[in-house]
Amino acid sequence: SQTIHQWPATLVQPVGSPLSLECTVEGTSNPNLYWYRQAAGRGLQLLFYSVGIGQISSEVPQNLSASRPQDRQFILSSKKLLLSDSGFYLCAWNPRDGLTESAFGSGTQLSVL
Amino acid sequence: DAKTTQPPSMDCAEGRAANLPCNHSTISGNEYVYWYRQIHSQGPQYIIHGLKNNETNEMASLIITEDRKSSTLILPHATLRDTAVYYCIANDRGSTLGRLYFGRGTQLTVWP
């Protein structure tokens, strides 16, 4: 069966520090991968999606970037965090064939202080 | 994606049916109606989806009106663990590549 792993679960970082959040999917090949963010008291917002290695599409302009160095690995990064980057970050995947729906990771709660 | 409208909050007694409405009056012919839920501090969980016909699975039933402008998610016997935010999304999977655009959803509170 397929599983999605996301870490760390909680992260506290100072303003101006770098960020790297990692997400991996097991049990599948060629997945579509996504990063979402949920700011406090707000809804889920799609940040990036990827349909293949090295293929990244950004949904909103922001201080973050994403990379997909391997088929089942998706990384969210920042060179210098802002206070406004605080939030709950979620990785998600679904199969390219569209036979099953999106499954989400357990999320990373990021606090930028 | 078509915009969906949901009530911000609803309550339901444990053991009773929870009926969550969703309006999607501008839904296009290719868009399915999807329902996800998010328990506090967890990732969203897929519940069910449908195009025209009513659908049922082990979690819930989805009733779509004939004109497809609205739908209702039914949890037949709500439990305390069903307390969550429920999201209704109109989505054409073929064109959006699986991208999901969430609204504010409905906070369902199931009370003992």
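For the structure itself, look to the data block above.
Below is a summary of the structure that appears in this document.

Cut-offs used in this document
Residues numbered from 1 in each chain as written. Chains lettered and ligands numbered in written order. Predicted model: local features only at pLDDT ≥ 70, side-chain atom pairs only at ≥ 80, totals over all residues. Heavy atoms only, no water. Pairing = 2+ DSSP bridges. Helix = DSSP H or I, 4+ residues; strand = E, 2+ residues; numbered from the N terminus. Axes fitted to C-alpha atoms, helices over the stretch in contact; angles between N-to-C directions. Phe/Tyr/Trp six-rings, centres within 6.5 Å; stacked < 30°, edge-to-face > 60°. Buried < 20%, exposed > 50% of the residue type's maximum accessible area, 1.4 Å probe, protein only. Salt bridge = Lys/Arg side-chain N within 4 Å of Asp/Glu carboxyl O. Disulfide = S-S within 2.5 Å.

**Some points on the sheet that holds strand β7 (residues 65-70) of chain A**
Backbone-to-backbone hydrogen bonds join strands into a sheet, with any given pair of strands oriented parallel or antiparallel.
Residue and element names in this part refer to chain A.
Now for step 1: Read from one edge of the open sheet, four strands run β1-β3-β8-β7, paired in antiparallel fashion. Every other strand in the sheet has two partners, leaving β1 (3-7) and β7 as the edge strands with one partner each. With strand direction ignored, the average angle separating the axes of adjacent strands in the sheet is 20 degrees.
Now for step 2: Pairing of β1 with strand β3 (residues 19-26), which is carried by five bridges, proceeds in the antiparallel orientation. Paired with Q6 across the bridge in β3 is C23.

**Concerning the packing of aromatic side chains**
Now for step 1: The tally for this structure, following the rule as stated, stands at ten aromatic pairs over all chains.
Now for step 2: Considering the side-chain rings of Y34 of chain A and Y36 of chain A, the 6.3 Å spacing of their centres and the 40 degrees angle between planes classify their relative orientation as tilted.
Now for step 3: Residue Y34 of chain A is classed as buried on the basis of its relative accessible area, which comes to 0%.
Now for step 4: Each ring, one from F104 of chain A and one from Y36 of chain B, has its centre 6.1 Å from the other, and the planes form 80 degrees; the classification is edge-to-face. With F104 of chain A in strand β10 (residues 103-104) and Y36 of chain B in strand β3 (residues 32-38), this pair bridges two chains. The burial state of F104 of chain A is the same as that of Y36 of chain B; both residues are buried.

**Comments concerning the pattern of salt bridges**
Any two side chains of opposite charge can pair, given that their charged atoms come close.
Residue and element names in this part refer to chain A.
Now for step 1: Per the counting criterion, the structure on display carries four salt bridges over all chains.
Now for step 2: As a salt-bridge pair, D85 and R37 come within 3.8 Å of each other at their nearest N and O atoms. Taken together, the positions of D85 in the loop between β8 (73-78) and β9 (87-94) and R37 in strand β4 (residues 32-38) put the pair 48 residues apart, joining distant regions of the chain. Each member of the pair D85 and R37 is classed as buried.

**Focus: the state of the cysteines**
Now for step 1: The full count for this structure, using the stated rule, is two disulfides over all chains.
Now for step 2: With a sulfur-sulfur separation of 2.0 Å, C23 of chain A is cross-linked through a disulfide to C91 of chain A. Its S-S torsion of approximately -75 degrees makes the covalent link between C23 of chain A and C91 of chain A left-handed. Residue C23 of chain A is found in strand β3, and its partner C91 of chain A is found in strand β9; the two are separated by 68 residues along the sequence. Take C23 of chain A and C91 of chain A: they sit in the same class, and that class is buried.
Now for step 3: Among the cysteines around C12 of chain B, which has no disulfide bond, C22 of chain B carries the closest sulfur, lying 18 Å off.
Now for step 4: Judged by its relative accessible area of 6%, C12 of chain B falls in the buried class.

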